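# Residue-level structural notes
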Amino acid sequence: MITINAILDIFPQLMRGLGVTVTVLLASAVLAYLMAFIAGLCRLSQNVIIRKFTGFYVEVFRGTSLIVQLFWLYYAIPMLFGIQLGSNWWTGVIAIGLNYGAYLSEVVRGSILSVAKGQTEAAVALNMSRFQRMRLIIFPQAVRMMLPEFGNYTIQMLKGTSLVSLIGMTDVLYYGDIMRSTNLAQAPLIYLLVLVFYFILALPLIWLTRKGESISKKGVASG
Amino acid sequence: MTEPIVQYRDVHKSFGDVKVLKGINLDIHPAEKIAVIGPSGSGKTTIIRMLMTLEEPTSGDIIVDGTNLWKMEKSGKMVRASEKHLREVRGDIGMVFQHFNLFPHMTILDNCMAAPIHVKKENKEEVRERAVQMLERVGLGDKFDSYPSQLSGGQKQRVAMARALVMRPKIMLFDEVTSALDPELVGEVLEVIRDIAKNDDMAMVLVTHEMDFALDIADKVLFLDEGVITEQGTASEVIEHSTNERLQTFLHRFRKV
């Protein structure tokens, strides 16, 4: 009985962080997808400088920790350059978006490269230009292949949003932490509920990933 | 005889250290049907892939309708052709591949319509009409909305031919188009090729292992051996009267299986 009461107590508290968690997720996902396509395509560019430059971005953001990147954007950049990245909501979105954008750009690049060579050859035989080949033939197939990985990374991004509680944002984890600090004995239950909370949020994403997998099985010539 | 539409002049091709073609000289005349035969690894496919701009020759020239395919003039010097130059010159050439290479994300009809609409900027309704006509011609009038994965190999290859024909090429290249098919599906594909050969006035180059078929429809047969065309002439000249030993061995091996 006590447990149920406690749950009924804790849950509404966690709900207060829902807005921040979801909006940060959605905005950073949009930014990450955008960066993924820009960087992924740039890495396949014929121009060496563009390729090297995007390679640098990808390796730096993949190769360092997200939480340190977050702190850099939040604490270091304003001090060093006097630039404010807007609110801490924006800081969180930019850090998560750029970080996962770097990972996803490799997915974009890999998918484009794994469309079968025969597809390009058939498109050449139909006298398509480089751009037409990409737009009409390669890209539509590559996108299908990307879907499952995009789903996976979006789920990871959801979990990654919990880091914004460390730069003072009031997300789900933040409210969990607050409650624990006022009621230490409840810590196990509180964190269990936080986990459940994230899991429920992830469910639609898991479902979408499955859906993406079945779509990607059809309509692609790979090899 | 008319001016050749394609001329190969001393064309060489190496892949790394491997010399695949060692000086190909060849004329293709309008409407001419040429069969290229020879042992595997002799460079047959490479000959037509270079014409389709899928492989660049190591040296030599390929002239298409009077224009050098792989080289262009730039401030008085011949330089390597740009993508734009290649596009301009290869527009009249079409190709059918061993592995079909249909676009799996498009319906059969869209496979046939994409290039005329986007590349040639033709009117969509006209293209649709022509694509429908071509698909009916290859016997797939009931499959317009199917996807390639729903078709048999023979059907896929017939779609690939319709797709190439809709572009109205002056030269059609066939790269071992029956090699990837189950034996019972080969006939239906050869039928379509025979129909094209008989009724269309485009030039055709067939790289093939279907010896009897090739000899049947070809005006000219080339025997390629170790990167050189060692025999060429009409089917009867090459097959029946040639004294070339390697050709005879090759044909003999074929006849036996």
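Structure's up top.
Residues numbered from 1 in each chain as written. Chains lettered and ligands numbered in written order. Predicted model: local features only at pLDDT ≥ 70, side-chain atom pairs only at ≥ 80, totals over all residues. Heavy atoms only, no water.

### A look at helix α7 (residues 130-160) of chain A
- Between its terminal C-alpha atoms α7(A) stretches only 38 Å, short of the 45 Å expected from 31 residues at 1.5 Å a residue.
- When the local axis directions of α7(A) are compared, the greatest deviation, roughly 45°, occurs at A:Ile138, which is followed within four positions by the proline A:Pro140. (Helix = DSSP H or I, 4+ residues; strand = E, 2+ residues; numbered from the N terminus. Expected span 1.5 Å × (residues − 1). Bend = angle between axes of the 7 residues up to and from the residue.)

### Some words on the interface of chain A and chain B
- Of the residues lining the interface, 24 residues belong to chain A; the matching set on chain B comes to 25 residues.
- At the boundary of chain A with chain B, total buried surface from both sides reaches about 2,000 Å², with 58% on carbon and sulfur atoms.
- Counting every contact that joins chain A to chain B gives three salt bridges.
- For the salt bridge of A:Arg130 with B:Glu83, the shortest nitrogen-to-oxygen distance reads 3.6 Å.
- Remark: the boundary between chain A and chain B carries 11 residue pairs in polar contact (both at pLDDT 80 or more).
- Secondary structure elements with two or more residues in the side of chain A that touches chain B: α6 (117-125) and α7 of chain A.
- The biggest single contributor to the side of chain A that touches chain B is α7(A), with nine residues.
- For the side of chain A that touches chain B, the residue count by class is 11 nonpolar, seven polar and six charged. (Contact = heavy atoms within 4.5 Å. Buried area = accessible area lost by both parts, 1.4 Å probe. Salt bridge = Lys/Arg side-chain N within 4 Å of Asp/Glu carboxyl O. Polar contact = N/O pair within 3.5 Å; in protein donor to acceptor, adjacent residues only side chain to side chain. Nonpolar A, V, L, I, M, F, W, Y, C, P; charged D, E, K, R; others polar.)

### Re empty space enclosed by the protein
- Counted by the stated rule, this structure contains three cavities of 30 Å³ or more.
- Of the voids in this model, the largest cavity is the one considered here, and its volume is about 50 Å³.
- Taken together, A:Ala122, A:Ala125, A:Leu126, B:Gly94, B:Met95, B:Phe97, B:Arg163, B:Ala164 and B:Met167 make up the full set of residues lining the largest cavity.
- When residues of the lining of the largest cavity are traced back to their parent elements, those giving at least two are α6 of chain A together with β8 (93-96) and α5 (153-166) of chain B.
- Across the lining of the largest cavity, the residue classes tally to seven nonpolar, one polar and one charged.
- Of the voids in this model, the second largest cavity is the one considered here, and its volume is about 40 Å³. (1 Å grid on protein atoms, 1.4 Å probe; cavity = no way out; pocket = protein on both sides within 12 Å on 5 of 7 lines; lining within 4 Å. Points joined across faces, edges and corners; volume = space filled by probe spheres on them.)

### Overview of the sheet that holds strand β2 (residues 18-28) of chain B
All names here are of chain B.
- The four strands lie next to each other as β2-β1-β4-β5, forming an open sheet whose pairing is antiparallel. For this open sheet the edge positions go to β2 and β5 (67-68), each flanked by a neighbour on one side alone.
- Relative to β5, strand β4 (residues 59-64) runs antiparallel, the two being bridged by two bridges. When the sheet's bridge partners are listed, Ile63 is paired in β5 with Asn68.
- Here helix α1 (residues 44-51) sits on the sheet in contact with β1 (6-15), β2 and β4, set at roughly 115° to β1. (Pairing = 2+ DSSP bridges. Axes fitted to C-alpha atoms, helices over the stretch in contact; angles between N-to-C directions.)

As far as function goes, none of this settles anything; it's purely spatial.
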